[in-house]
Amino acid sequence: MINVAVVGFGFMGMIHTGNLLKNTKVHLSAIVDKHTDNILQKLEVQSGNFSAEKYDAEELSKVKIYNNITDCLKEQQPDACIISVHTNLHFEMAKFALEAGAHVFLEKPFCLDVEQGHQLIELALAKNRILMVGHVVRFMPAYQVLKSWIDNGEYGDLEFLSMSRFSGVPIWGQWKDRQKDFGSSGGALFDLVIHDIDFAQWVCGVPSGVNANILPGKLSNYDYVSALWNYSGKKLHVKIEGGNTFHPTYPFSASFTARFNNVSALYSSNDPANIILATDSGTKPLPVGDANEGFSGEINYFIDCIHNNEQPVLCHPESALETIKLCYSHIN
């Protein structure tokens, strides 16, 4: 069994905890959160951009709760840490875990400071530990289908890809307080739109040019992004648009539109089980499964990498750091 500690029991920490409890290779040994008296109460509160599967508080009754990572690492000596804390703590918490000899799954964004990202990669290499960054869209079924079409050329060359992601300004958990700490989260660019920036660079490569417009919001100076990427020598353009400049109750939405030589494809979170395929003669739905499978998929993949003693290929930290650099190219 792989002993795992969850560091940060906010919305994503709760999601990851639920998926760890289902994994037969895992023993959930500890949860670290500064609000230790509030752990079980959080299970009764729904927050975030989507509905999370509920699990019983009794499942956590044997899990040790800590209010700091140092004591947890010293007493539990976990094999791995799932780190889901605020962005400005990513480097510190991941460094503590790696130095203690734990494998690390770190929620996106990797590190806003590129040099800190390099330091974590070098530390993981020196410690011979696995470091993986949670870019969950890479594991969502509809996006995996899209990647397969791009890779195998089933519908010809990709000519145009448009990706969008919108939400209201987050106010759950500690997000309301983050409005007072303007810019600390990286704003929508690094916390929301980064999903599509990461996926697009993963499947299409780093663009040769980025033409971007940005607008400020309540969290940062770049809470809305509209960008067009171009690729030298290719008839390919990528459009990225998204942000959280809307009122808090604005419904979350994510979508992609892809134009290939022989077909156009539309996916939307309004119909998350299907991709709509359009040709000259008509349209048809293609069932693709549940988008929430991405969250279990990324955690199970991380655990399998540990179990098999293999570095992650699907979500390695060097690629995640490239995504951070690409995010900066939208504002520089």
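Attention here is on the structure that accompanies the text. Values in this document were obtained by computation on a predicted structure and should not be read as measured data. (Residues numbered from 1 in each chain as written. Predicted model: local features only at pLDDT ≥ 70, side-chain atom pairs only at ≥ 80, totals over all residues. Heavy atoms only, no water.)

### Focus: the overall build of the protein
A tally of regular secondary structure across the protein gives 11 helices and 14 strands. Relative to the compact-globule value of 20 Å for 332 residues, the protein shows a C-alpha radius of gyration of 20 Å, a close match. When its C-alpha atoms are laid out on the principal axes, the protein stretches across 60 × 40 × 40 Å. Across the 332 residues in the protein, those meeting the buried criterion constitute 51%. Long-range pairs, those at least 24 residues apart, make up 70% of the contacts in the protein with a sequence separation of at least 6. On the protein, roughly 15100 Å² of surface is accessible, and the fraction owed to carbon and sulfur atoms is 49%. (Helix = DSSP H or I, 4+ residues; strand = E, 2+ residues; numbered from the N terminus. Rg over C-alpha atoms; globule rule 2.2 N^0.38 Å. Buried < 20%, exposed > 50% of the residue type's maximum accessible area, 1.4 Å probe, protein only. Contact = heavy atoms within 4.5 Å. Areas by Shrake-Rupley, 256 points an atom, 1.4 Å probe, with all protein chains shown as cover.)

### Concerning the nonpolar core
Within the largest apolar cluster, 75 residues are counted, with the highest numbers of intra-cluster contacts made by I83, F110 and Y143. If near-sequence neighbours (up to four positions away) are discounted, I83 is found in contact with V7, M93, A94, A97, V104, F105, L106 and E107. In this structure, I2, M14, F105 and I306 belong to the second largest nonpolar core, which totals 24 residues. (Core = buried A, V, L, I, M, F, W, Y, C linked by side-chain atoms within 4.5 Å.)

### Notes on the pattern of salt bridges
Evaluated as defined, the whole model comprises 8 salt bridges. As a salt-bridge pair, E241 and K239 come within 3.9 Å of each other at their nearest N and O atoms. Under the relative-accessibility criterion, K239 is labelled partly exposed at 30%. (Salt bridge = Lys/Arg side-chain N within 4 Å of Asp/Glu carboxyl O.)

### Remarks on the sheet that holds strand 1 (residues 2-7)
Within the open sheet, the 6 strands sit side by side as 3-2-1-4-5-6. Their pairing is parallel. The outermost strands of the open sheet, each flanked by one partner alone, are strand 3 (64-66) and strand 6 (131-134). Recorded for the sheet is a direction-independent mean angle of 20° between the axes of neighbouring strands. Direction of pairing for strand 1 relative to strand 4 (residues 80-83): parallel, over a ladder of 4 bridges. Bridging from a neighbouring strand, V6 pairs with I82 of strand 4. This element, helix 4 (residues 90-99), spans strand 1, strand 4 and strand 5 (103-107) of the sheet and lies at about 165° to strand 5. (Pairing = 2+ DSSP bridges. Axes fitted to C-alpha atoms, helices over the stretch in contact; angles between N-to-C directions.)

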